[in-house]
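Observations on the model geometry
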There are 2 protein chains.
Amino acid sequence: MSHTQIAIVGAGLIGRAWAYVFARAGSTVRVWDADPAALDRLPAEIAAMIDAAGGDPAIAARIRAVPTLAEALDAAGLVQENGPERIEVKRELFAAMDAAAAPGTILASSSSALPASAFSAGLPGAARCLVAHPVNPPHVVPVVELCPSPATDPAVMARAQAIYAAAGQVPVLLSREIEGFVLNRLQAALLAEAMRLVDEGICTVEGLDDTVKHGLGRRWAIMGPLETISLNAPDGVPDYIRRYGPMLAGLADSCAQGDAFTASAAERVAAAFPQRATPEGVRAGTAWRDAELAALDTHLRSRARKD
Amino acid sequence: MSHTQIAIVGAGLIGRAWAYVFARAGSTVRVWDADPAALDRLPAEIAAMIDAAGGDPAIAARIRAVPTLAEALDAAGLVQENGPERIEVKRELFAAMDAAAAPGTILASSSSALPASAFSAGLPGAARCLVAHPVNPPHVVPVVELCPSPATDPAVMARAQAIYAAAGQVPVLLSREIEGFVLNRLQAALLAEAMRLVDEGICTVEGLDDTVKHGLGRRWAIMGPLETISLNAPDGVPDYIRRYGPMLAGLADSCAQGDAFTASAAERVAAAFPQRATPEGVRAGTAWRDAELAALDTHLRSRARKD
């Protein structure tokens, strides 16, 4: 299972990180992109990733750029598609992938917003299509949301789950399509209230972030939000909901919703990060973030082994 | 500043952890509790904390149980109150503390739900009373929410902020009273949607927790939610809100609110943690959690020093 051959379609930031993830786990990876220049840059960019992560140089030898979609898909057990997040592009790509891939090949999209039904409905191979939504960058953030369309075969979901797990990721299975999947729904719920608290001046942007990074977020990074509450009352979860459910319900009822994403809130947040107003500043910030995510991943994996 | 003398009122779990925090930073700490048995247990419990945390044995020598409230408050720069979360108890304690403390002493409550106005309104020293809400346990989770009542003197807030920061905590200042302060509002917003997703069977309890602990929660533990979005579009926050604001608003509008805290959702979550159904199971779980939080705190502090 750990050596399933993988095809990567789309050699942008996410596609390259997926190539790295699968090759790191021992898979042979073929990468195709509609833009030949993206393929020309691939070896240098993979070398840079290995360098930054202190990865095994052998990883690069398992990744090969190929000039056609058909060559990439040949003998692949799973295709990870990373095209632009535009419905007409994804539809065209999935039709081409479905026509070119052998019958047993799984076709997965990194889409963060489009559900699989939007680009696979009506295809002969709709049953082998799904969304496999990563967090950027997947080589240091292991979760991947696996979301079927109504046509996806449950056996395909189970095989996909095994392939991502064998690659060292943490697959999360959704039972059916839902807007935003799970991760972005949770993010939106928290962000709406965060934007409102900052916009109303209850605390500063820094104070808001401190509350999460030096408080709530630490428990969540170790346990997630539901295991967190399993430890917050003497008799477990039912006891917790009896004690704190009414208070939490009252708070949730008064939390902000969609109207919190205002230009004024955005300006307050932007003003707290003046160094992130340009693409260069954002790039420097993401390099720092990715190094911290890598260090945190190493820390958390070392703890997990002790349990 | 780092040697402000501290009084701890209430020697339960939170009170003891506060004693440890301040003594670890070099302060002399006097602890009083209405229950003499709690004071008798204090030395053994502080010794156990030092042992578990690999702390300096000198910490214990800075903490002293005293038989009266007046003795605890004598010469204290700040009082940290940790009584039961019942309004009549807090009112009585704050009246007694205000009568006994020297004029310059700050009176702070660990209250997680009661606002300072509820127990300090009308006291002669209402201007020196505030809430200083920690996350349990404060010696390994540094955030502390500082929330004034309408009567609290801003100079008192600034002094309290400096005292907590000197003790190694991360104080977050709120501008005014709000139900749930910041931390529990953010928690309630996310938990409501988490409970609903699990109750509707979109994903399992484990899948929900995995989405956060192996994804979203890692970014948040490093940066908080707002710095996170400052890195998610090439031109920073305004660019992010232009690109993703409408999607996030749509998700937030369809997120669950208070009615998600149902008995059925609680049962689903409880079923995922059968080992946490008894006080013994919860205690074993919190010991594991606190060890993980301590290790994460050490990791994050070591990274912070490199920046």
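Just so you know, the residues in each chain are numbered from 1, in the order the chain's sequence is written. Chains and ligands are labelled sequentially in the order written, the chains with letters from A and the ligands with numbers from 1. Local features in a predicted model are, by the rule used here, given only for residues with pLDDT of at least 70; side-chain atom pairs are given and counted only at 80 or more, and totals for whole chains, interfaces and linings are based on all residues. Only hydrogens and water are removed before side-chain values are computed, so all heavy atoms of the structure are retained for them.

**Looking at the sheet that holds strand 5 (residues 106–109) of chain A**
All names here are of chain A. Condition: Pairing between strands is defined by DSSP: at least two bridges between them are needed. In this text, helices come from DSSP runs of H or I with a minimum length of four residues, and strands from runs of E with a minimum of two, each type numbered from the N-terminal end. Only C-alpha atoms enter the line fits that serve as axes; for helices the fit covers just the stretch in contact. Angles between N-to-C directions range over 0 to 180 degrees.
In space, the eight strands of this open sheet follow the order 3-2-1-4-5-6-7-8, with mixed pairing throughout. At either end of the open sheet lies a strand with only one pairing partner, and these are strand 3 (63–65) and strand 8 (170–173). Ignoring strand direction, the axes of neighbouring strands in this sheet form an average angle of 25 degrees. Looking at chain direction, strand 5 and strand 6 (residues 129–134) are connected through three bridges and run parallel. Across the sheet, Ser109 pairs through a bridge with Val131, a residue of strand 6.

**Brief notes about the UniProt feature "domain: 3-hydroxyacyl-CoA dehydrogenase C-terminal" (unreviewed entry) in chain A**
Spelled out, the test is: UniProt positions are given in the numbering used here, feature names are shortened, and annotations may be inferred rather than shown by experiment.
According to UniProt, the positions carrying the feature "domain: 3-hydroxyacyl-CoA dehydrogenase C-terminal" (unreviewed entry) are residues 180–239 of chain A. In residues 180–239 of chain A, helix accounts for 78% and strand for 0%; the two terminal C-alpha atoms are 31 Å from one another.

**What to know about the environment of Leu190 of chain B**
Selection criterion: For every residue, the accessible area obtained with a 1.4 Å probe (protein chains only) is divided by the maximum for its type, and the residue is called buried under 20%, exposed over 50%, and partly exposed between those limits. Whether two residues are in contact is decided by their heavy atoms: any pair within 4.5 Å suffices.
Relative to the helices and strands, Leu190 of chain B resides in helix 8 (residues 183–199). Classification of Leu190 of chain B by relative accessible area gives buried; the value is 0%. Along the primary structure Leu190 of chain B and Ser110 of chain B are separated by 80 residues, whereas in three dimensions their C-alpha atoms are 23 Å apart. For Leu190 of chain B, the contacting residues outside a window of four places in its chain are Leu186, Ala189, Leu190, Trp220 and Pro225 of chain A together with Trp220 of chain B.

**Structural notes on the side chain of Ser120 of chain B**
Residue and element names in this part refer to chain B. Mapped onto the secondary structure, Ser120 falls in helix 6 (residues 116–120). What makes Ser120 buried here is its relative accessible area of 1%. Those residues within four positions of Ser120 in sequence are excluded, and the remaining contacts are Ala126, Cys129 and Ser149.

**Section: helix 2 (residues 36–53) of chain A**
Residues and elements named next belong to chain A. Keep this limit in mind: Any helix carries an expected span of 1.5 Å times its number of residues minus one. Two axes define the bend at a residue: one fitted to the seven residues ending there, one fitted to the seven starting there, and the bend is the angle between them. Polar contact is defined as a pair of N or O atoms within 3.5 Å, subject to the rule that within protein one atom must be able to donate a hydrogen and the other to accept it, and that residues adjacent in sequence are counted only when both atoms are side-chain atoms.
Its 18 residues give helix 2 an end-to-end C-alpha distance of 26 Å, which sits within 8% of 26 Å, the value for a rise of 1.5 Å per residue. A bend of about 40 degrees at Leu42 is the largest found in helix 2, and the proline Pro43 appears one to four places after it. If you check which residues of helix 2 are buried, you get Ala38, Leu39, Leu42, Ile46, Met49 and Ile50. Where the residues of helix 2 are buried, they touch helix 1 (13–24), strand 2 (29–32), helix 3 (58–61) and strand 3. Regarding helix 2, its N-cap is Asp35, as a side-chain oxygen of that residue lies 3.0 Å from the backbone nitrogen of Ala37 further along.

**Observations concerning the interface of chain B and chain A**
What counts, and what does not: By convention in these notes, a salt bridge is any Lys or Arg side-chain nitrogen within 4 Å of a carboxyl oxygen on Asp or Glu. Any residue outside Ala, Val, Leu, Ile, Met, Phe, Trp, Tyr, Cys, Pro, Asp, Glu, Lys and Arg is labelled polar, Gly included; the first ten of those are nonpolar and the last four are charged.
On the side of chain A, 110 residues touch chain B, which itself brings 109 residues to the contact. One can count eight salt bridges joining chain B with chain A. Put simply, Glu193 of chain B and Arg185 of chain A hold a salt bridge, and the shortest N to O gap is 2.6 Å. Broken down by secondary-structure element, the contributors of at least two residues to the side of chain B that touches chain A are strand 7 (143–148), strand 8 (170–173), helix 8, helix 9 (205–230), helix 10 (236–253), helix 11 (263–272) and helix 12 (279–306) of chain B. Sorting elements by how many residues they give to the side of chain B that touches chain A places helix 9 of chain B first, with 25 residues. Of the residues contributing to the side of chain B that touches chain A, the split by class is 63 nonpolar, 24 polar and 22 charged.

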